[in-house]
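If you want the building blocks of each chain, they are given just below.
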Amino acid sequence: ESLFTEIIVVANGPDSKSFRLPDGISPPKNSYIQTVRTSIANVSHARNLGIEVATGQWLRFLDDDDFLLPDTAKQQYLEAISSSCDISTYAGAIQDEHGHTFQTICPDRSQGYAHAVLGPNCPALTFSSVYRMDKVRHLRWNEAWTATEDEDWMRRILQSFTPEWVVNNDVTGIWYQHAQSRLSKPIPANKFYTNRAASIIESIETLNNQNRLEEIQKKAAGNGLWSAIHGGFFFSPIYWSRISIRARKLDEFSKPKDRIFSILPWVHPLIIEWKKKKKRLINHTVRMVKG
């Protein structure tokens, strides 16, 4: 079975006007390529432009450091088309600049989409999901964020509707962690975690206002908040202590995934965070100095 593929290349940033597709690249059979240009160097803005001009029935986002595996990607499209799903999510691999795979992210469908995206392991690799266009056309990426905007996108879908979701642990593509210069700026680590917490909190408040918030989602969100608390605690301990109260209200047993919190279940996780704050801050500073 052949697929017609619409490829939208968004050239963004100061050099967008001079961008040209490399010589020798022509549309494959049954495909169409168009280039959209914007001087705004913002990845979420680029994705939103793609949504605005896309005309296909299915949508996938692909960054310039992502690579699809053709056979698996085609399999994913065909499975999505033949099903009644709104979103299909496959596994994705992360490789270093030498081609070594150091992480594979597999989606967990065991307790549903809401549980997956509210929890600590949101399956948010940009390229790994395919979306039914008529379900997401009205949504937009958060252009104010340059950290965890991919997680926030998955949760914005949940805020809009509960999708029919299919998953597969076959690897559909690779995120290549290259060392070359890029438009995006380094992200302060604490900003990554504060954005994650804000996205989770906004989502549960929206679900609650819509009378869609269930106990299983509260538990997932509690653990999702603890993943943010643990990641950013030594930067802003007072702020994260307040967020921990919110996490425990969602689920009184929620805690970070790290082993020490499981082997000391009778100790409130906040006590452990305070005890380890100084050591973790020193370790972080040393890593930053070493580059």
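Our structure is the block above this text.
So, a few notes on the structure that sits alongside this text. Counting of residues starts from 1 at the beginning of each chain's written sequence and follows it residue by residue. Residue-level local features of this predicted model are given only where pLDDT is at least 70; pairs of side-chain atoms are given and counted only at 80 or more, and the full residue set underlies all totals for whole chains, interfaces and linings. With hydrogens and water excluded, all non-hydrogen atoms of the structure serve as input to the side-chain values.

What about the overall build of the protein chain?
Which entries qualify depends on this criterion: Secondary structure is summarised from DSSP: a helix means a run of H or I of at least four residues, a strand means a run of E of at least two, and numbering begins at the N terminus for each. The globule rule is 2.2 Å times the number of residues to the power 0.38, and the radius of gyration it is compared with is taken over C-alpha atoms. Any residue under 20% of the maximum accessible area for its type is buried, any over 50% is exposed, and the rest in between are partly exposed; the area is computed with a 1.4 Å probe on protein chains only. The contact definition used throughout considers only heavy atoms, calling two residues in contact when any of these lie within 4.5 Å. All accessibility values rest on the Shrake-Rupley procedure with a 1.4 Å probe; residue burial counts only the protein chains present in the view. Note that His is not counted, nor are the chain ends; the positive residues are Lys and Arg, and the negative ones are Asp and Glu. Just so you know, the charge point we use is NZ for Lys, CZ for Arg, CG for Asp and CD for Glu.
Per the secondary structure count, the protein chain includes ten helices and eight strands. Since a compact globule built from 291 residues should have a radius of gyration of about 19 Å, the 20 Å found for the protein chain is in line with a globular shape. A principal-axis box enclosing the C-alpha atoms of the protein chain has dimensions of 60 × 45 × 30 Å. Across the 291 residues in the protein chain, those meeting the buried criterion constitute 44%. The contacts in the protein chain between residues at least 6 apart in sequence include a share of 75% that link residues at least 24 apart. Carbon and sulfur atoms make up 52% of the accessible area of the protein chain, which amounts to about 16,100 Å² in all. Side-chain charges of the protein chain comprise 36 positive and 31 negative groups, with the mean position of each set lying 9 Å from the other.

Side note on the pattern of salt bridges
As a reminder of what qualifies: Each reported salt bridge corresponds to a side-chain nitrogen of Lys or Arg within 4 Å of a carboxyl oxygen of Asp or Glu.
The full count for this structure, using the stated rule, is eight salt bridges. Between R47 and D63 there is a salt bridge, with the nearest N and O atoms lying 2.8 Å from each other. Note that R47 is positioned in helix α1 (residues 43-53) and D63 in the loop between β3 (58-59) and β4 (66-68), a separation of 16 residues in sequence. Its salt-bridge partner being K218, residue E215 comes within 3.3 Å of it at the nearest N-O pair. With E215 and K218 both in helix α7 (residues 215-232), this residue pair falls three residues apart, about one helical turn. Overall, the relative accessible area of 23% leaves K218 in the partly exposed class. By sharing partners, the salt bridges in this structure join R47, D63 and E149 into a single network.

Some details on helix α8 (residues 237-250)
Quick reminder of the rule: In this scheme, a helix's expected span is set at 1.5 Å multiplied by one less than its residue total. It is the directions from the helix axis to the C-beta atoms whose arc is reported.
With 14 residues, α8 ought to run about 20 Å at 1.5 Å a step, and its terminal C-alpha atoms sit 20 Å apart, in line with that. Taken as a whole, α8 has its buried residues at P237, W240, S241, I243, S244, A247 and L250. Buried residues of α8 fall within an arc of 165 degrees about the axis and therefore sit on the same side. Every exposed residue of α8 that faces more than 90 degrees away from the buried side is listed here: R242 and K249. For α8, the secondary structure elements touched by its buried residues are α6 (189-209), α7 and α10 (269-290).

Some details on unusual backbone geometry
You will see that T148, though not glycine, has its phi angle at about 60 degrees, which is positive. Position of T148 among the secondary structure elements: in the loop between α4 (133-136) and α5 (149-160). T148 gets classed as buried once you look at its relative accessible area, which sits at 3%. Of note in the backbone geometry, N211 takes a positive phi value of approximately 55 degrees without being a glycine. Tracing the backbone through its elements, the reader meets N211 in the loop between α6 and α7. Overall, the relative accessible area of 74% leaves N211 in the exposed class.

Thoughts on the pairing of strand β6 (residues 101-105)
Note on strand geometry: in a regular strand, side chains alternate between the two faces of the sheet. Here is the rule we go by: A pair of strands is treated as paired once DSSP finds two or more bridges between them.
In the sheet, strand β5 (residues 87-96) pairs with β6 via four bridges, with the strands oriented antiparallel. Counterpart to I94 in the pairing with β6 is Q103. Hairpin connection between β5 and β6: a loop of four residues separates the two successive antiparallel strands, and G99 in this loop has a positive phi of roughly 85 degrees.

Quick look at the nonpolar core
Keep this limit in mind: By nonpolar core is meant a set of buried Ala, Val, Leu, Ile, Met, Phe, Trp, Tyr and Cys residues that side-chain atoms within 4.5 Å join together.
Counting 41 residues, the largest nonpolar core has Y113, Y131, W153, M154, I157 and L225 as the members making the most contacts within it. Those elements giving two or more residues to this core turn out to be α3 (113-118), α4, α5, α6, α7 and α8. Sort the elements by how many residues they give to this core and α7 lands first, with six residues. Those residues within four positions of Y113 in sequence are excluded, and the remaining contacts are I87, M154, I157, L158, P163 and W165.

Here we look at α6
Between its terminal C-alpha atoms α6 stretches 31 Å, which fits the 30 Å expected from 21 residues at 1.5 Å a residue. Those residues of α6 that fall on the buried side of the exposure criterion are N190, T194, N195, R196, A197, S199, I200, I201, S203, I204, T206 and L207. Once α6 ends, the next one or two residues include N211, with phi positive near 55 degrees.

Points about the packing of α5 against α6
The condition that has to hold: Helix axes use the C-alpha atoms of the stretch in contact, all axes being lines fitted to C-alpha atoms, and the angles between their N-to-C directions lie in the range 0 to 180 degrees. Should an angle fall under 35 degrees it is called roughly parallel, over 145 degrees roughly antiparallel, and 65 to 115 degrees roughly perpendicular, with every other angle called oblique.
Two elements in contact, α5 and α6, have axes separated by 10 Å at closest approach and are oriented at 5 degrees. By the angle between their axes, α5 is roughly parallel relative to α6. Between α5 and α6, the contacting residues are E151, D152, R155, L158 and Q159 on the first element and F192, R196, S199, I200, E202, S203, T206 and L207 on the second.

Quick notes on the packing of α6 against α8
Selection criterion: Crossing chirality is assigned from the near helix's rotation relative to the far helix, an anticlockwise turn below a right angle marking it left-handed and a clockwise turn marking it right-handed. Note on residue categories: nonpolar means Ala, Val, Leu, Ile, Met, Phe, Trp, Tyr, Cys or Pro, charged means Asp, Glu, Lys or Arg, and polar means any other residue, Gly included.
At their nearest, the axes of α6 and α8 sit 12 Å apart, and the two run at 35 degrees to each other. At the point where α6 passes α8, the crossing takes the left-handed sense. Along the contact surface, α6 presents N190, Y193, T194, A197, I201, I204 and E205, while α8 presents Y239, W240, I243, R246 and L250. Its residues assigned to classes, the contact of α6 with α8 comprises eight nonpolar, two polar and two charged.

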